[in-house]
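Fold and contact review
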Amino acid sequence: MRRRRYPRLTSWEEAFGEDVRGAVLPPQVHLSHPPGFEGGRLTCAISFSALDELEGRLQDLLRLVRDRRLAPLARYLV
Amino acid sequence: MNAPPFAQVEVEPEVADLPFTREFLGRLPGGLPVRIRSPGEPPPTGKRTVHLTREAGAFLKPCPCSPGAVRCGYWVFSPVFQCPFSCTYCFLRLYAPDAPLTLYANLEDAAREFTRQAEEWTGPVRVGTGQFADSLAMDPWTRHAPWLVELVGRFRHVELELKTKSDRVEGLLETEVFANAVVAWSVNPPRIIAREEPGAAPLAARLRAAREVVRAGYRVAFHLDPVFLEDGWEETYRDLLGELFAAVDPGRVAWVSLGTLRFPPRFLERWGPALRGHREFFGELVPGEDGKLRHFWPARRDAYRFLWKELRRWGGVGLRVYLCMESRATWASALGWAPDDGELERYLAGAGASVPASPGLTSRPGAGTR
């Protein structure tokens, strides 16, 4: 029903889910989009319980960006 | 003068002797029923009835805009409430479907309120009467337009916008022109006007009127709102822009606004059955931050990009274009800049920085590349 009512939105949501899974994010790092992908922005949330942990996850993330593993997400931006 | 867009007039006794009431009644065609109401009668209903009454509250209010949207600092001045036209998408169909054409006869109070507020404003301010009414549709009988132009004329930091879908500019053509009066037309391609704007003037008549007021010395504005994103819309809106700027020199266009279809979900609960066949209302409209349904974001963004580019092609890069009820993120993404608080008012008044040449180059006027 939802797919029939919102065909493009649901296809974007599915593609976004696949792109995030394909990026294989570090643990405790979550990417999300606003409702309806409004505004062409994504949110990246990182949870950590020590500063070393944060540093490690940021480095992992940076590596993903440099290796262009997050490049498919560019289509949801601006 | 054409027949008025109303069939009867009901007058509250307390305003029966006010100057506006006497003048309005004096302009009516013979034979039109006029009735002085009894005290305590329930208010009349229906858009074919004019209700002459007193505004006990404020005539002048800030435009409510929409939560999360970039505000343009607009003020709404309302000597009239309700519109004789029946546009399918109009929010008045939801909020006041049965309200009569209400004319507030205590215009001396309105003038005092406006003057007091205008003396307090310091920066550029736009004020319009076209939010809860059509600014000119009733003008042959109300003569509000000449009164407003003269009232606002001496406040050079205030711009009066008279927004209409009519061609009733007779009153404006007979009055002294003040530089801070802008006559604005809400426009759409002819086939959309025929389908979605019953009772309103055809595009050709609106543009003929625009040409006449420009010739008289006024500036004009255009509102492409709502843009209907139906099959082939790019071509029909490109043709529309061609017609606008063939009719009016871009140098005389004060501003152009853009907006796409938007309405709260309960609009469809109320009007859905009557809108059968109007496909746009049942398309892929997604609830936004403010709860209103709008076109899915990428479609809206691409539409604004297309129209902004076309507007600048037809009207030049100096043409002032803004989005109505859209977020900063949408502005930044679609137009390449997003105004800060107060910046849009200065931009529209011609006192702000110029905007980037093409979308996506800078985050705001004057800023470097991203």
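Everything numeric in this text was worked out from a predicted model, so none of it was measured. (Residues numbered from 1 in each chain as written. Chains lettered and ligands numbered in written order. Predicted model: local features only at pLDDT ≥ 70, side-chain atom pairs only at ≥ 80, totals over all residues. Heavy atoms only, no water.)

Buried residues dominate helix α5 (residues 144–153) of chain B, accounting for 8 of its 10 residues. Those residues of α5(B) that fall on the buried side of the exposure criterion are B:His144, B:Ala145, B:Pro146, B:Leu148, B:Val149, B:Leu151, B:Val152 and B:Gly153. (Buried < 20%, exposed > 50% of the residue type's maximum accessible area, 1.4 Å probe, protein only. Helix = DSSP H or I, 4+ residues; strand = E, 2+ residues; numbered from the N terminus.)

Let us now look at unusual backbone geometry. All names here are of chain B. A cis amide bond links Asp-225 to the next residue, Pro-226, at an omega of 5 degrees. Tracing the sequence through the fold places Pro-226 in strand β11 (residues 219–227). Look at Cys-65: it is not a glycine, yet its phi comes out positive at around 55 degrees. Assignment of secondary structure puts Cys-65 in the loop between β4 (60–62) and β5 (75–77). Backbone geometry at Met-325 places phi at a positive 60 degrees, although glycine is not the residue there. Assignment of secondary structure puts Met-325 in the loop between β16 (321–323) and α12 (328–335).

Residue and element names in this part refer to chain B. Summed over all chains, the structure comprises 28 aromatic pairs over all chains. Ring geometry for Phe-77 versus Trp-147: centroids 6.2 Å apart, planes at 20 degrees, classification stacked. You can see Phe-77 sitting in strand β5 and its partner Trp-147 sitting in helix α5, a full 70 residues away along the chain. Assessed through its relative accessible area of 1%, Phe-77 is described here as buried. Relative accessible area serves as the criterion here: at 23%, Trp-147 is assigned to the partly exposed category. Where Trp-331 meets Trp-337, the ring centres are 5.4 Å apart and the plane angle is 80 degrees; that geometry is what we call edge-to-face. Comparing Trp-331 with Trp-337 shows no difference in burial state: the two are buried. The aromatic ring of Trp-271 is capped on one face by Arg-93, whose charged end is 3.8 Å from the ring centroid. Its end group placed over the ring of Trp-271, Arg-270 keeps NZ or CZ at 4.3 Å from the ring centre. (Phe/Tyr/Trp six-rings, centres within 6.5 Å; stacked < 30°, edge-to-face > 60°. Lys NZ or Arg CZ within 6 Å of the ring centre and 35° of its normal.)

Another aspect to go through is the sheet that holds strand β13 (residues 262–263) of chain B. All names here are of chain B. Across the sheet, which stays open at both edges, the 3 strands sit in the order β13-β15-β14 with antiparallel pairing between neighbours. Across the chains shown, the open sheet's two edge strands, defined by having one partner strand only, are β13 and β14 (285–287). With 2 bridges joining them, β13 and strand β15 (residues 293–295) adopt antiparallel strand pairing. Within β15, the position partnered with Arg-262 by the bridge is Arg-294. (Pairing = 2+ DSSP bridges.)

Residue and element names in this part refer to chain B. Across all of its chains, the model carries 30 salt bridges over all chains by this definition. Arg-35 is paired through a salt bridge with Glu-10; the nearest N and O atoms lie 3.0 Å apart. With Arg-35 in strand β2 (residues 34–36) and Glu-10 in strand β1 (residues 8–11), the pair connects residues that are 25 residues apart, well separated along the chain. The salt bridge involving Glu-14 is made with Arg-54; its shortest N-O contact spans 3.1 Å. Of this pair, Glu-14 sits in the loop between β1 and α1 (19–26) while Arg-54 sits in the loop between β3 (49–53) and β4, and the two are 40 residues apart along the sequence. Among the ionic contacts, a cluster of salt bridges with common partners joins Glu-10, Glu-12, Arg-35, Arg-37 and Glu-41. (Salt bridge = Lys/Arg side-chain N within 4 Å of Asp/Glu carboxyl O.)

Moving on, we come to the interface of chain B and chain A. Contacts between the two partners involve 18 residues from chain B, matched on the other side by 14 residues from chain A. For the pair chain B and chain A, the summed buried area comes to about 1400 Å², and 52% of that belongs to carbon and sulfur atoms. Area buried by chain B at its contact with chain A is led by B:Glu284, B:Phe296 and B:Trp297, which between them contribute 44% of it. On inspection of chain B and its partner chain A, the count reaches 2 salt bridges. Here chain B and chain A share 8 residue pairs in polar contact (both at pLDDT 80 or more) between them. Broken down by secondary-structure element, the contributors of at least two residues to the side of chain B that touches chain A are β14, α11 (297–315) and α12 of chain B. Per-element accounting of the side of chain B that touches chain A gives the leading share, 6 residues, to α11(B). (Contact = heavy atoms within 4.5 Å. Buried area = accessible area lost by both parts, 1.4 Å probe. Polar contact = N/O pair within 3.5 Å; in protein donor to acceptor, adjacent residues only side chain to side chain.)

We now examine the side chain of B:Arg168. Examined against the element boundaries, B:Arg168 turns out to sit in the loop between β9 (158–164) and α6 (170–173). Here the side chain of B:Arg168 touches B:Glu170 through a polar contact of 2.8 Å, side chain to side chain.

For strand β12 (residues 253–260) of chain B, a buried count of 8 out of 8 residues is recorded, marking the element as mostly surrounded by other parts of the structure. In this view, the connection linking β11(B) to its parallel neighbour β12(B) by way of helix α9 (residues 233–247) of chain B has right-handed handedness. (Right-handed = clockwise from strand over helix to strand, strands pointing away.)

Turning our attention to the packing of helix α8 (residues 203–216) of chain B against α9(B). Residue and element names in this part refer to chain B. Where α8 meets α9, the closest approach of the two axes is 9 Å, and the angle between their N-to-C directions is 30 degrees. In terms of their interaxial angle, α8 and α9 are classed as roughly parallel. Seen from above, α8 lies across α9 with right-handed handedness. Side by side, α8 and α9 meet where Leu-203, Leu-207 and Arg-211 of the first sit next to Leu-240, Glu-243, Leu-244 and Ala-247 of the second. Each residue belonging to the contact of α8 with α9 can be placed in one class, and the counts come to 5 nonpolar, no polar and 2 charged. (Axes fitted to C-alpha atoms, helices over the stretch in contact; angles between N-to-C directions. Parallel < 35°, antiparallel > 145°, perpendicular 65-115°, else oblique. Left-handed = near helix turned anticlockwise from the far one by under 90°. Nonpolar A, V, L, I, M, F, W, Y, C, P; charged D, E, K, R; others polar.)

Keep in mind these values describe shape, not function.
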